[in-house]
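A structural walkthrough
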Amino acid sequence: MKVLLAIDGSEESMEAAAFLARLPLREKPTVSVLTVLEDQSNMEIPMYRPETQEKETATHFETIQSVLQRVGYELSFITKRGHPSSTIISVAKEIDADLIVMGARGHSAIYRVILGSTANFVANNAQCSVVVVRPDADKGDAAPEFRVLLAYDGSQFSRTASQQMFELDWSKTSAKIDIAMMLPRPKLVPVDLDYDPDAIADANRTLPTLSSEDPCQCDISYTVRETLHVGSTLWDLADAKKTNLMFVGAAGKSALIRFFLGSTSRYLLNHLACSIWIARKKDWEQKVS
């Protein structure tokens, strides 16, 4: 497995490295650690001078090395100059990455984590899976257990998310996994009535069959709900279960043959307070502009 870890020296990118070290991957990955430096047009400003940037980058690489070599990952380090968003995509294509891992940036006024522009661009334009890492509020002094939520809707995209989730070796952890299906319902139906009992029953039969892909036979729970807004209900569920990693599928292609997230995945990407794994089947043969 080829992983691209994009870092910028921020606390968020160091969280991303620690998260990658904890992921229960079945095989040791090859990790390319990428730092994209600001253009030298700003070199009159001390923080943008090449010697300053290079010194800071070397320090960041040493920190990442101490985190990832401890778990036996094979590492290489890449330094590029240019625009972070497009450079991350370009390097990911060059190395034929299976997975991009990066940190999120910033908080909204109501303390929800809102995605930075670089992570948003990469999540929407990469031709492989992307993990956007946010700090775990319950981490404390020890690494928290994985509390995983898979958003499933029966589509080929959520099927990919399910497959990638079960490719991880959860037996190495004390993970708690919930698979959730949200069924849309009309606004006029009273909240105390089920709109489509047959669909609910079918979903309750379908979700347990997904665990047949799990060789570890983890402890898995299932949630089926009717809702007016799929994204916000999944957000509420993630909050209630203290989820720290959600798996979602990316959906659709634009006219430029570029992958874009579906509306629900986009909502979750921008509003979740936990890390999110955006699952795609790798296809770097697609044109990336």
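Residues numbered from 1 in each chain as written. Predicted model: local features only at pLDDT ≥ 70, side-chain atom pairs only at ≥ 80, totals over all residues. Heavy atoms only, no water.

A few words on the overall build of the protein. Helices and strands together make up the secondary structure of the protein, namely 8 helices and 10 strands. Burial status across the protein gives 48% buried among its 289 residues. With an accessible surface of roughly 14100 Å², the protein has 51% of that area assigned to carbon and sulfur atoms. (Helix = DSSP H or I, 4+ residues; strand = E, 2+ residues; numbered from the N terminus. Buried < 20%, exposed > 50% of the residue type's maximum accessible area, 1.4 Å probe, protein only. Areas by Shrake-Rupley, 256 points an atom, 1.4 Å probe, with all protein chains shown as cover.)

Our focus in this paragraph is the pairing of strand 9 (residues 245-249). Each regular strand carries side chains that alternate between the two faces of the sheet. With 5 of its 5 residues buried, strand 9 lies for the most part within the structure. Side chains of strand 9 alternate between two faces, with L245, F247 and G249 and M246 and V248 buried alike. The pairing of strand 9 with strand 10 (residues 275-279) spans 5 bridges and is classified as parallel. Across the sheet, residue G249 finds its bridge partner in strand 10, namely A279. (Pairing = 2+ DSSP bridges.)

Before going further, it helps to examine the side chain of D169. Looking at the element boundaries, D169 is found in the loop between helix 5 (156-166) and strand 7 (176-184). Here the side chain of D169 touches S171 through a polar contact of 2.4 Å, side chain to side chain. (Polar contact = N/O pair within 3.5 Å; in protein donor to acceptor, adjacent residues only side chain to side chain.)

Summed over all chains, the structure comprises 7 salt bridges. K282 is the salt-bridge partner of D96, the closest N and O atoms lying 3.2 Å from each other. Placement of the pair is D96 in the loop between helix 3 (84-94) and strand 4 (99-103) and K282 in the segment after strand 10, with a sequence separation of 186 residues. Assessed through its relative accessible area of 35%, K282 is described here as partly exposed. Where salt bridges share partners, they join D96, D98 and K282 into one cluster. (Salt bridge = Lys/Arg side-chain N within 4 Å of Asp/Glu carboxyl O.)

Membership of the largest hydrophobic core comes to 47 residues, with the highest contact counts inside it found for L5, L68, W170 and F247. The biggest single contributor to this core is helix 1 (residues 11-22), with 5 residues. Aside from chain neighbours lying at most four places away, what touches L68 is L5, A17, L20, A21, V31, Y73 and L75. (Core = buried A, V, L, I, M, F, W, Y, C linked by side-chain atoms within 4.5 Å. Contact = heavy atoms within 4.5 Å.)

In space, the 10 strands of this open sheet follow the order 3-2-1-4-5-10-9-6-7-8, with mixed pairing throughout. Looking along the sheet, the strands with just one partner apiece sit at the ends: strand 3 (74-81) and strand 8 (220-227). Averaged over all neighbouring strand pairs, the angle between strand axes comes to 20°, with direction disregarded. As judged from the 3 bridges shared by strand 1 (residues 2-7) and strand 4, these two strands associate in the parallel manner. Across the sheet, residue L5 finds its bridge partner in strand 4, namely V101. Helix-sheet contacts for helix 4 (residues 117-125) involve strand 4, strand 5 (129-133) and strand 10, and the interaxial angle to strand 4 is about 165°. Relative to the sheet, helix 7 (residues 230-240) contacts strand 6 (147-151), strand 7, strand 8 and strand 9, its axis offset from that of strand 7 by approximately 155°. (Axes fitted to C-alpha atoms, helices over the stretch in contact; angles between N-to-C directions.)

Considering all chains together, one arrives at 4 aromatic pairs under this definition. Consider the rings of F247 and W277, whose centres lie 4.9 Å apart with planes at 25°: the pair is stacked. Of this pair, F247 sits in strand 9 while W277 sits in strand 10, and the two are 30 residues apart along the sequence. Assessed through its relative accessible area of 0%, F247 is described here as buried. The exposure class assigned to W277 is buried, which follows from its relative accessible area of 3%. (Phe/Tyr/Trp six-rings, centres within 6.5 Å; stacked < 30°, edge-to-face > 60°.)

Residue position: R185 is located in the loop between strand 7 and helix 6 (197-206). Classification of R185 by relative accessible area gives buried; the value is 14%. Within the local environment of R185, its side chain forms a polar contact with the backbone oxygen of V189, the two atoms lying 3.4 Å apart. A distance of 3.0 Å separates a polar atom in the side chain of R185 from the backbone oxygen of L193. Once residues lying within four places of it in the same chain are set aside, the contact partners of R185 are P190, V191, L193, D194, Y195, E226, T227 and L228.

Attention now goes to the confidence of the model for the protein. With 82% of its residues at a pLDDT of 70 or more, the protein has an overall mean of 83. Confidence, expressed as mean pLDDT per element, reaches its minimum in the protein at helix 2 (residues 50-68) with 78 and its maximum at strand 4 with 96. (pLDDT = per-residue confidence, 0-100.)

Moving on: helix 3. An α-helical turn contains 3.6 residues, so a residue and the one three or four places further along point in the same direction. Of all the positions in helix 3, only S85, T87, I88, I89, V91 and A92 are classed as buried. Where helix 3 is buried, its residues touch strand 1, strand 2 (30-37), strand 3, strand 4 and helix 4. Of the residues trailing helix 3, D96 is marked for its positive phi of about 60°.

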